[in-house]
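Secondary and tertiary structure notes
Residues per chain are reported as follows:
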Amino acid sequence: MSVLNNTDEQIKPVPVMELYLFGENTLEKHHITSTSQISQYITQPYKLWLNVCGLDNAPILQDIAKIFSIHPLTLEDIQNTNQRPKLEEFDEFVFITAKMIFTKSGLEEIITEHISLLFGHHFIISFQEKPDDIFDAIRVRLENPSGKMRKLGTDYFTYTLLDMVVDQYYKLIELIGERNEVLEDGIIGDNKNIKLADIYLHRKALQDIRKSTWPLREILSAWKKSDHPFIKKKTSVFINDIYEHTVEILESLELQRETITSLVEIYMTHLSIKQNEVMKTLTIIATIFIPLTFIAGIYGMNFKVMPELEWKYSYPLIWIIFITTTIAMLYYFKKKRWF
Amino acid sequence: MSVLNNTDEQIKPVPVMELYLFGENTLEKHHITSTSQISQYITQPYKLWLNVCGLDNAPILQDIAKIFSIHPLTLEDIQNTNQRPKLEEFDEFVFITAKMIFTKSGLEEIITEHISLLFGHHFIISFQEKPDDIFDAIRVRLENPSGKMRKLGTDYFTYTLLDMVVDQYYKLIELIGERNEVLEDGIIGDNKNIKLADIYLHRKALQDIRKSTWPLREILSAWKKSDHPFIKKKTSVFINDIYEHTVEILESLELQRETITSLVEIYMTHLSIKQNEVMKTLTIIATIFIPLTFIAGIYGMNFKVMPELEWKYSYPLIWIIFITTTIAMLYYFKKKRWF
Amino acid sequence: MSVLNNTDEQIKPVPVMELYLFGENTLEKHHITSTSQISQYITQPYKLWLNVCGLDNAPILQDIAKIFSIHPLTLEDIQNTNQRPKLEEFDEFVFITAKMIFTKSGLEEIITEHISLLFGHHFIISFQEKPDDIFDAIRVRLENPSGKMRKLGTDYFTYTLLDMVVDQYYKLIELIGERNEVLEDGIIGDNKNIKLADIYLHRKALQDIRKSTWPLREILSAWKKSDHPFIKKKTSVFINDIYEHTVEILESLELQRETITSLVEIYMTHLSIKQNEVMKTLTIIATIFIPLTFIAGIYGMNFKVMPELEWKYSYPLIWIIFITTTIAMLYYFKKKRWF
Amino acid sequence: MSVLNNTDEQIKPVPVMELYLFGENTLEKHHITSTSQISQYITQPYKLWLNVCGLDNAPILQDIAKIFSIHPLTLEDIQNTNQRPKLEEFDEFVFITAKMIFTKSGLEEIITEHISLLFGHHFIISFQEKPDDIFDAIRVRLENPSGKMRKLGTDYFTYTLLDMVVDQYYKLIELIGERNEVLEDGIIGDNKNIKLADIYLHRKALQDIRKSTWPLREILSAWKKSDHPFIKKKTSVFINDIYEHTVEILESLELQRETITSLVEIYMTHLSIKQNEVMKTLTIIATIFIPLTFIAGIYGMNFKVMPELEWKYSYPLIWIIFITTTIAMLYYFKKKRWF
Amino acid sequence: MSVLNNTDEQIKPVPVMELYLFGENTLEKHHITSTSQISQYITQPYKLWLNVCGLDNAPILQDIAKIFSIHPLTLEDIQNTNQRPKLEEFDEFVFITAKMIFTKSGLEEIITEHISLLFGHHFIISFQEKPDDIFDAIRVRLENPSGKMRKLGTDYFTYTLLDMVVDQYYKLIELIGERNEVLEDGIIGDNKNIKLADIYLHRKALQDIRKSTWPLREILSAWKKSDHPFIKKKTSVFINDIYEHTVEILESLELQRETITSLVEIYMTHLSIKQNEVMKTLTIIATIFIPLTFIAGIYGMNFKVMPELEWKYSYPLIWIIFITTTIAMLYYFKKKRWF
Ligand SMILES: [Mg+2]
Ligand SMILES: [Mg+2]
Ligand SMILES: [Mg+2]
Ligand SMILES: [Mg+2]
Ligand SMILES: [Mg+2]
Ligand SMILES: [Mg+2]
Ligand SMILES: [Mg+2]
Ligand SMILES: [Mg+2]
Ligand SMILES: [Mg+2]
Ligand SMILES: [Mg+2]
Ligand SMILES: [Mg+2]
Ligand SMILES: [Mg+2]
Ligand SMILES: [Mg+2]
Ligand SMILES: [Mg+2]
Ligand SMILES: [Mg+2]
Ligand SMILES: [Mg+2]
Ligand SMILES: [Mg+2]
Ligand SMILES: [Mg+2]
Ligand SMILES: [Mg+2]
Ligand SMILES: [Mg+2]
Ligand SMILES: [Mg+2]
Ligand SMILES: [Mg+2]
Ligand SMILES: [Mg+2]
Ligand SMILES: [Mg+2]
Ligand SMILES: [Mg+2]
Ligand SMILES: [Mg+2]
Ligand SMILES: [Mg+2]
Ligand SMILES: [Mg+2]
Ligand SMILES: [Mg+2]
Ligand SMILES: [Mg+2]
Ligand SMILES: [Mg+2]
């Protein structure tokens, strides 16, 4: 029934769980170590953000699922790190799953992470695959009592999280763009240090971002059209803004892909031109000197009877032959426009 | 009228037929050897799963068709192993035909099998082309009296069978993915053991899975939209789950195809770069030494009258010529950035 | 007004015309030599199949057009052998034009033929471009008094003709598939007998079938949706069957096209690899022996004053130079991983 | 406001204007030299065809525009020879602009001409860019008092003009098809006279026709769906006929384009195969004879002390070395399947 | 929340702001240096055009946004120079953002500029990224009291600005077209001065224009369908005109792209043909003379015992060998059609 059935039953690490309770005048942060702690906060008259890092401990996730009435198949989608981004509406909450792609130190160390977001009337839950995240700015903004995050609904909160995700895509595209320019200089400026592996890895990075952005665009498009009670009119202008960002990202990716394809083609043509030049050089030298060497070889033979050897003007004559042959050859190559 | 008319009338082997009768409290398994046995089980107040392995014996299949009111053209689709996957709704049952693709021992031995599934109010029939199948887990799950398979309708049962089929596609894609990584290492890491035939066979495997998955996705999409009385609301969440799996599979296939194309292109470029290097080496050596050899050849000629031969400083002079020519050549190549 | 205006007015051969009169209890066959004979059969209380072979004799075709109220533009479509397949509904009949593509002796002699089918309430007319056809099985089945062809309507009759046409497409695709496998063995198995012309002709055959199948699929799709009074509900299951066949054919064509493209690419890569190997062999031999030959050439010079020539150990010394140079070169090539 | 503002104000030539007045019993032809003459013919109870050749004289065109109430932007479209083909409906007339592409002497001299057609209740106006046209057959048919052109409406008249235009596209495609066959013979039959420029020009011609045909197809599709009062039911069967022609043309273009692409690919592969053959020949000869020449060179050295020179059987021995080396090499190449 | 957060807080230059007040009888121009000046003009009974050049000074832009009730996200779109062109309708105004692409001195110095246009009931605001613009013609036309710009609504005014923008795209496409022809001559006419970088930069320019034109076309399409109260029926014919221009531009871009692709392919084939020729020349010369040189080398050996050296006719005999070998080789190459 599941693509993910983990048959081995090791003890899995408990996920790191932060729980924020917040209202216009309140902000509390709690570290949760056991799922039984969660229930006590739900009943309070505040909004709740539960951030869960780590998807390996199935029983704990199942407990959370029970608390918030999450369907087993939805839980499967939360745990399945290969799950395609999607948005699903339920009575109790809206479910979104997407990919965080970000880097802490440049293109060498890209982190791809499967995240899931659920927002109900009074709660937001975020499930993350790995401990690090890009939500620190959120935590800071949450502390501002007059900020929209505290005042507006859970849909706006979720929008803010998604916005963070999309911002990271932009940063990666910018990094790739910079690398592309290095590549461009390398190929157009005839720098010799082009590494084919780089081109390949570039393309793969583009593919990865595109693979995550396409369905994200669909998600936002679905959100825009949704009439779910938890999705409010007021947020639609913000959602439209990140929707447009995804469109821009996809167009940038397409352009960068075309650019790389074009560069590789230029590079291939460049190699062909160089090869032609090399071969012409070889051919000109070889076709001139190989016959001359043969002629010299003839008169290096030691036959007893070779009348030319005795003649007085043989040597100057042979030089005349050498020179006229060379001139004729050069004229032929010139006429053929080989140089 | 049929693509399949088998004119030769050999005696075909009787298909292997298992029949399960099951209800919430009952589970019986019967081996059927003659179609006449089937009728006695239909009338019983249980659900029935008839699993038929082998499509060659036309008369027996026609008997079954008669028992369950299967139209001759539908029977043709069951027997035609080239039939494209599809879903067709009839009054008595829903008809689905698809492809099982699985392997028992790796990518070397992929088994592709044409299967057809029919589910009516109280029965499920599965027709298989070959004896082996991937339904053993089903047989086990059926023994669990409190399992959904026993409790829910025939549509859920059929879903379970299709889910098994799709799970196998995932496994194959994973296997291909692993092979792709080997290929990637081979090309990017400049391992010399790349076999072109492997690339070709990879691509073919991708094509085969895609060919079966595209229409399967259409089938599931049709199922989702169907309002046939045997297709219940309750199953739709499960169907949506495998529908999403097919979308994921198709995207994975597309990505893997792009990856292979990209790798082949990188490989071609790599070959061109290497060729350039080889030719440059040859050309540098040849254009330096061929003229020098010619000069040496000149003074190897045996003409009686060759004044230079008699001169005292001819030999050191010729060495000066050798060396300056070589230096000039190397300078020329350096300026042309050949090394 | 017409693409087809034949300005030269030679006497064109009279087309071969067969006329069948049939009912549940009747079957008469008549050879028609003049169009005036047709009218007498129309009024009879039987269904009528008129099969016309040969489109060159314009006056006779115009006579037939007059008898059956065929519009001049429709007649033009019947005569225009470049006409794209289509279905058009008129009050008196449904008009279908398509391409027969078949072979009597393998891929070497493919016959492409423009055919048009009209079916009204009581008549079917088939116009063929060339004498041979693939309808002999029809003629046989017509003799069976209890067959569907005799009992069902003119739409079923027309379906049967189209089914024959589509069956021939399958046969051609199978033939091409077999050839593709030969090609595959040739390229993957490194057989040297690949003929480029074959690849080209393969592709052209695929194109031709696709060109005819695409609009045929549209025709059948139009038929399925049609509510013309002569198109009966009962036939729709049959039409759907050949509709699916055309989908299958188009998918097969697409796959075969991809296969050929993939094979050509593999072949190109293969040639590049081989070229690289050849060039490396040449370069290794040449870069080792050309400098050695030069050294030998030096001591083949006949200068009077060449001190080395007189030295006692010159000859073994020169051998040491030869051998160390060779070893150095081989080491260099080894390090460059040229072999 | 206009892409076309011609700032220099030279005196532009007056366009050539023919005016036909016609009814079922009337046909008058007038040559117009000043726009003031037109008004007198409009009021007469006949249909009017005004054919204007030459778009450079802006004032005269503006006069005509005033007479027939043509909007400045529409006049701009008439004058803009880069205008994309389109159909626009106005209250007073239907406006169509398209491209005439024809040749008087083969593919070398293709004439592309921007034409505009307007048809109102009682008038047809055709604007042409250049003097020559393809409407002579129209002028002849107009003289036939019982012809449809005289009897049917202005929409039929316009259809006839468009039909002429489309017929010329067919002729060009046929010409290109013939050239393609020459190219095919050249590449498949290994004729050496392939001119790359030809391939390029072929492609360009295909592009040009496609560029004009795509929007023409849209025009005809719009006409088919139009309910403008000047577009009558009766003409729709004719419009459908040329609509189908444009579909056929576009499919032919696509096929010819694929054919050329396929041919170029075959040609590239062919060049690679030949290159391989050439290089193998060189490598075999060079790797056999270069080492042998070196060996001969050794014993051509003039060292005083070279014991082998004195030995009695040195010479036959060296021949044995020559021959065994050669045989070994040939065996190696044979094993590598180089010939 | 924004892709554009500029963290460094330098003092940014005040944008250059022109303000035009105009009515049928009025035209006033004011240079604005502080946003507080704007309010006094809004209340006057004239239409107002505010042209703002420079997007770096955030506070001033925020002031303007406040005055005209521009939403923060819209202001973000105005400032974000990477913003994709779009049209958005608000109650107070219609918002359009697009790209100006123009050149003052040829393709070497293309200026791409992000502009935003807002038009309300009585005002038009244009935000520009850089000081130079292409609106001088507008300023002139505005001085004409009977011109449409003074009489018609703000939508017509905005149309005029967009029309200017699109006209510049045409000019660039023409420039690229001219360069393409130079490239074409270079490749088809075998001029040797093809710079690969040029091809690459061409393609990039095409991409840039396409990237801006695609969404502009969408904008105009949205405008055409809009029923916003500030968008009047009367302007629709003008909007349709520039809509058609964008379609033409996109088709031109597509054609030019295909042309470049086709040229690069031709060029690659051309290089292959030349390479083949070069290699054939080398191979013919080398395979003829290398064996001959070996033969000459044999008889240059200094073995004491070499009977042939003593024979009387050895020398003429060896010439016969030389000549017959050469002829045989040439015959072989001729037969292989190498020349
Ligand atoms: Mg599954
Ligand atoms: Mg699942
Ligand atoms: Mg994380
Ligand atoms: Mg953002
Ligand atoms: Mg995708
Ligand atoms: Mg997708
Ligand atoms: Mg925005
Ligand atoms: Mg695009
Ligand atoms: Mg069938
Ligand atoms: Mg059939
Ligand atoms: Mg099986
Ligand atoms: Mg498909
Ligand atoms: Mg799932
Ligand atoms: Mg025509
Ligand atoms: Mg016609
Ligand atoms: Mg025939
Ligand atoms: Mg097609
Ligand atoms: Mg089509
Ligand atoms: Mg079927
Ligand atoms: Mg497909
Ligand atoms: Mg305009
Ligand atoms: Mg003309
Ligand atoms: Mg178009
Ligand atoms: Mg027609
Ligand atoms: Mg197309
Ligand atoms: Mg934003
Ligand atoms: Mg500016
Ligand atoms: Mg304009
Ligand atoms: Mg786009
Ligand atoms: Mg216009
Ligand atoms: Mg196009």
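Since this is a predicted model, take the numbers as computed values, not measurements.

A few points about the domain arrangement of chain A
What the domain assignment reports for chain A is domain 1 (6-269) and domain 2 (279-335). The straight-line distance from the C-alpha centre of domain 1 of chain A to that of domain 2 of chain A is 76 Å.

A few points about the side chain of Thr74(C)
Among the secondary structure elements, Thr74(C) is positioned in helix H3 (residues 72-79). Residues within four places of Thr74(C) in sequence aside, it is in contact with Phe90(C) and Phe95(C).

Focus: the coordination of the magnesium ion (ligand 3)
Residue and element names in this part refer to chain A. Around the magnesium ion (ligand 3), the protein contributes the donor atoms Glu 113 (OE), Glu 113 (OE), Gln 128 (OE1), Lys 130 (O) and Asp 132 (O), which lie 1.9 to 2.8 Å from the metal centre. Here the donor residues for the magnesium ion (ligand 3) map to a single chain with the spacing E-x14-Q-x1-K-x1-D. One end of the pair, Glu 113, is in strand E6 (residues 110-119); the other, Gln 128, is in strand E7 (residues 123-128), and 15 residues separate them in sequence. In this structure, Glu 113 and Gln 128 share a single accessibility class: buried.

Some thoughts on the pairing of strand E3 (residues 47-53) of chain B
All names here are of chain B. Of all seven residues making up E3, seven are buried, and the element is well covered by its neighbours. Because side chains alternate across E3, one face comprises the buried residues Lys 47, Trp 49, Asn 51 and Cys 53, and the other comprises Leu 48, Leu 50 and Val 52, equally buried. Sheet topology places strand E1 (residues 16-22) next to E3; seven bridges connect them, and they run antiparallel. Residue pairing in the sheet places Phe 22 in a bridge with Lys 47 of E3. With six bridges joining them, E3 and strand E7 (residues 123-128) adopt parallel strand pairing. Pairing of Leu 50 across the sheet is with Ile 125, part of E7.

A closer look at the sheet that holds strand E1 (residues 16-22) of chain D
All names here are of chain D. Taken together, the seven strands give an open sheet; going across it, the order is E2-E1-E3-E7-E6-E5-E4, and neighbouring strands pair in mixed fashion. Edge positions in the sheet fall to strand E2 (27-32) and strand E4 (86-89), since each of these pairs with one other strand and no more. If you compare each strand with its neighbour and ignore which way they point, the axes differ by 20° on average. Pairing geometry for strand E5 (residues 94-103) and strand E6 (residues 110-119), over 10 bridges, is antiparallel.

A short note on the UniProt feature "transmembrane region" (unreviewed entry) in chain A
Residue and element names in this part refer to chain A. Summarizing the sequence annotation, UniProt attributes the feature "transmembrane region" (unreviewed entry) to residues 282-301 and 313-333 in the numbering used throughout. Helix makes up 85% of residues 282-301 and strand 0%, and the two end C-alpha atoms of the span are 28 Å apart. For residues 313-333, the end-to-end C-alpha separation is 31 Å, with 95% helix and 0% strand making up the annotated structure.

Looking at the relation of the copies chain D and chain C
When chain D is fitted onto chain C, the two copies agree to an RMSD of 0.0 Å after a turn of 72° and an axial shift of 0.0 Å. What we have between these two chains is a five-fold relation. When C-alpha distances to the rotation axis are compared across chain D, the minimum falls at Gly300(D), with a value of 4.6 Å. The residues that chain D uses at the interface reappear at the interface of chain C in only 20% of cases, marking distinct surfaces.

Topic: helix H8 (residues 236-298) of chain D
Taking 1.5 Å of rise per residue, the 63 residues of H8(D) would be expected to cover 93 Å, and the 92 Å separating its terminal C-alpha atoms lies within 8% of that figure. Across the 63 residues of H8(D), 49 count as buried, placing the element largely inside the fold.

So, the pattern of salt bridges
Once their charged atoms are close, side chains differing in charge can pair, the charge on each being opposite to the other. According to the stated counting rule, one finds 84 salt bridges over all chains in the structure shown. A salt bridge links Glu18(D) to Arg139(D); its shortest N-O distance comes to 3.1 Å. A residue pair is termed long-range when its members are at least 10 positions apart, and Glu18(D) in strand E1 and Arg139(D) in helix H4 (residues 136-142) qualify at 121 residues. Of the two residues, Glu18(D) and Arg139(D), both sit in the buried class. Look at the salt bridges and you will find they share partners, linking Glu18(A), Lys29(A), Asp133(A), Asp136(A) and Arg139(A) into a network.

A look at the environment of Leu206(E)
All names here are of chain E. Along the chain, the position of Leu 206 falls in helix H7 (residues 196-225). The buried category is assigned to Leu 206, whose relative accessible area is 4%. Separated by 51 residues in sequence, Leu 206 and Arg 257 have C-alpha atoms that sit 7.3 Å apart. With sequence-adjacent residues up to four places away left out, Leu 206 is seen in contact with Ile 176, Leu 253, Gln 256, Arg 257 and Ile 260.

Quick word on the interface of chain D and chain C
At the junction of the two partners, chain D supplies 60 residues and chain C supplies 56 residues. Applying the counting criterion to the chain D and chain C interface returns eight salt bridges. Between Lys336(D) and Glu277(C) there is a salt bridge whose closest N-O contact spans 3.2 Å. Between the two partners, chain D and chain C, sit 20 residue pairs in polar contact (both at pLDDT 80 or more). For the side of chain D that touches chain C, the secondary structure elements donating two or more residues are helix H6 (154-188), H8, helix H9 (307-310) and helix H10 (314-335) of chain D. Ranked by residues supplied to the side of chain D that touches chain C, first place goes to H8(D) with 35 residues.

Considerations on a negative patch on the surface
Residues and elements named next belong to chain A. A surface patch of like charges, here negative, comprises Glu 174, Glu 178, Glu 181 and Asp 185. You can see Glu 174 is positioned in helix H6 (residues 154-188). On the basis of relative accessibility, which here comes to 51%, the residue Glu 174 falls in the exposed class.

Some remarks on the relation of the copies chain A and chain E
Superposing chain A onto chain E takes a rotation of 72° plus a shift of 0.1 Å along the axis, which leaves an RMSD of 0.1 Å. Taken as a fraction of all interface residues of chain A, those also at the interface in chain E reach only 20%, which identifies the copy contact as different-surface.

Structural notes on the arrangement of the chains
Chain A makes no contact with chain C; the smallest distance between any of their C-alpha atoms is 9 Å. Kept free of each other, chain C and chain E leave a smallest C-alpha distance of 9 Å between them.

Points about the interface of chain A and chain E
Many authors give the size of an interface as the accessible area that is lost as the parts come together. Counting residues at the interface gives 60 residues for chain A, matched by 56 residues for chain E. Buried area between chain A and chain E, summed over both chains or domains, comes out near 5200 Å², and the portion from carbon and sulfur atoms is 61%. For chain A, the biggest contributors to the area lost against chain E are Phe294(A), Phe303(A) and Arg337(A); these three give 13% of the whole. With a closest N to O distance of 3.5 Å, Arg257(E) and Glu258(A) form a salt bridge.

What about the pairing of E6(A)?
Residue and element names in this part refer to chain A. With eight of 10 residues buried, E6 lies mostly within the body of the structure. Between strand E5 (residues 94-103) and E6, which pair antiparallel in sequence order, lie six residues; one of them, Gly 106, sits at a positive phi of approximately 110°. Judged from the five bridges that link them, E6 and E7 form a sheet pairing that is antiparallel. Among the inter-strand pairings, Phe 119 is bridged to a residue of E7, identified as Ile 124. Counting the residues that bridge the hairpin from E6 to E7 gives three residues.

Describing the confidence of the model for chain A
For chain A, per-residue confidence averages 89 on the pLDDT scale, and residues scoring 70 or more make up 96% of the total. Counting interchain partners and residues more than four positions distant, the pLDDT-below-50 stretch residues 1-7 of chain A has 17 contacts.

A word on the nonpolar core
In terms of nonpolar packing, the biggest core is built from 319 residues, with Trp49(A), Trp49(B), Trp49(C), Trp49(D) and Trp49(E) touching the most fellow members. Excluding residues that lie within four positions of it along the chain, Trp49(C) makes contacts with Glu18(C), Leu19(C), Tyr20(C), Phe22(C), Ile124(C), Ser126(C), Phe135(C), Ile138(C), Arg139(C), Leu142(C), Phe157(C) and Leu161(C). Counting 125 residues, the second-largest nonpolar core is a separate cluster that includes Met301(A), Phe289(C), Leu309(C) and Trp338(E).

Side note on the sheet that holds strand E2 (residues 27-32) of chain C
Residue and element names in this part refer to chain C. As summarised here, the arrangement of the seven strands in space is E2-E1-E3-E7-E6-E5-E4, forming an open sheet in which the pairing is mixed. Strand pairing shows two members of the sheet lacking a second neighbour, E2 and strand E4 (86-89), which therefore form its edges. Sheet twist, expressed as the mean angle between neighbouring strand axes with direction ignored, is 20°.

Here we look at the packing of helix H7 (residues 196-225) of chain A against helix H8 (residues 236-298) of chain B
Relative orientation of the contacting elements H7(A) and H8(B) amounts to 165°, with a least axis distance of 10 Å. For the element pair H7(A) / H8(B), the angle class is roughly antiparallel. Seen along the crossing, H7(A) lies across H8(B) with a hand that is right-handed. Of the residues in H8(B), those touching H7(A) at Leu196(A), Ile199(A), Tyr200(A), Arg203(A), Lys204(A), Gln207(A), Arg210(A) and Lys211(A) are Leu255(B), Glu258(B), Thr259(B), Ser262(B), Leu263(B), Glu265(B), Ile266(B), Thr269(B), His270(B) and Ile273(B). Partitioned by chemical class, the residues of the contact of H7(A) with H8(B) number seven nonpolar, five polar and six charged.

What counts and what doesn't
Residues numbered from 1 in each chain as written. Chains lettered and ligands numbered in written order. Predicted model: local features only at pLDDT ≥ 70, side-chain atom pairs only at ≥ 80, totals over all residues. Heavy atoms only, no water. Domains from an automatic or database assignment. Helix = DSSP H or I, 4+ residues; strand = E, 2+ residues; numbered from the N terminus. Contact = heavy atoms within 4.5 Å. Donors = N, O, S within 2.8 Å, 3.2 Å for Na, K, Ca; no water. Buried < 20%, exposed > 50% of the residue type's maximum accessible area, 1.4 Å probe, protein only. Pairing = 2+ DSSP bridges. Axes fitted to C-alpha atoms, helices over the stretch in contact; angles between N-to-C directions. UniProt positions renumbered as here; feature names shortened; annotations may be inferred. Least-squares fit on C-alpha atoms with pLDDT ≥ 70 in both. Expected span 1.5 Å × (residues − 1). Salt bridge = Lys/Arg side-chain N within 4 Å of Asp/Glu carboxyl O. Polar contact = N/O pair within 3.5 Å; in protein donor to acceptor, adjacent residues only side chain to side chain. Patch = residues over 30% accessible without salt bridge, like charges linked within 9 Å, V, L, I, M, F, W, Y side chains within 5 Å. Areas by Shrake-Rupley, 256 points an atom, 1.4 Å probe, with all protein chains shown as cover. Lys, Arg positive; Asp, Glu negative; His and termini not counted. Charge placed at Lys NZ, Arg CZ, Asp CG, Glu CD. Buried area = accessible area lost by both parts, 1.4 Å probe. pLDDT = per-residue confidence, 0-100. Core = buried A, V, L, I, M, F, W, Y, C linked by side-chain atoms within 4.5 Å. Parallel < 35°, antiparallel > 145°, perpendicular 65-115°, else oblique. Left-handed = near helix turned anticlockwise from the far one by under 90°. Nonpolar A, V, L, I, M, F, W, Y, C, P; charged D, E, K, R; others polar.

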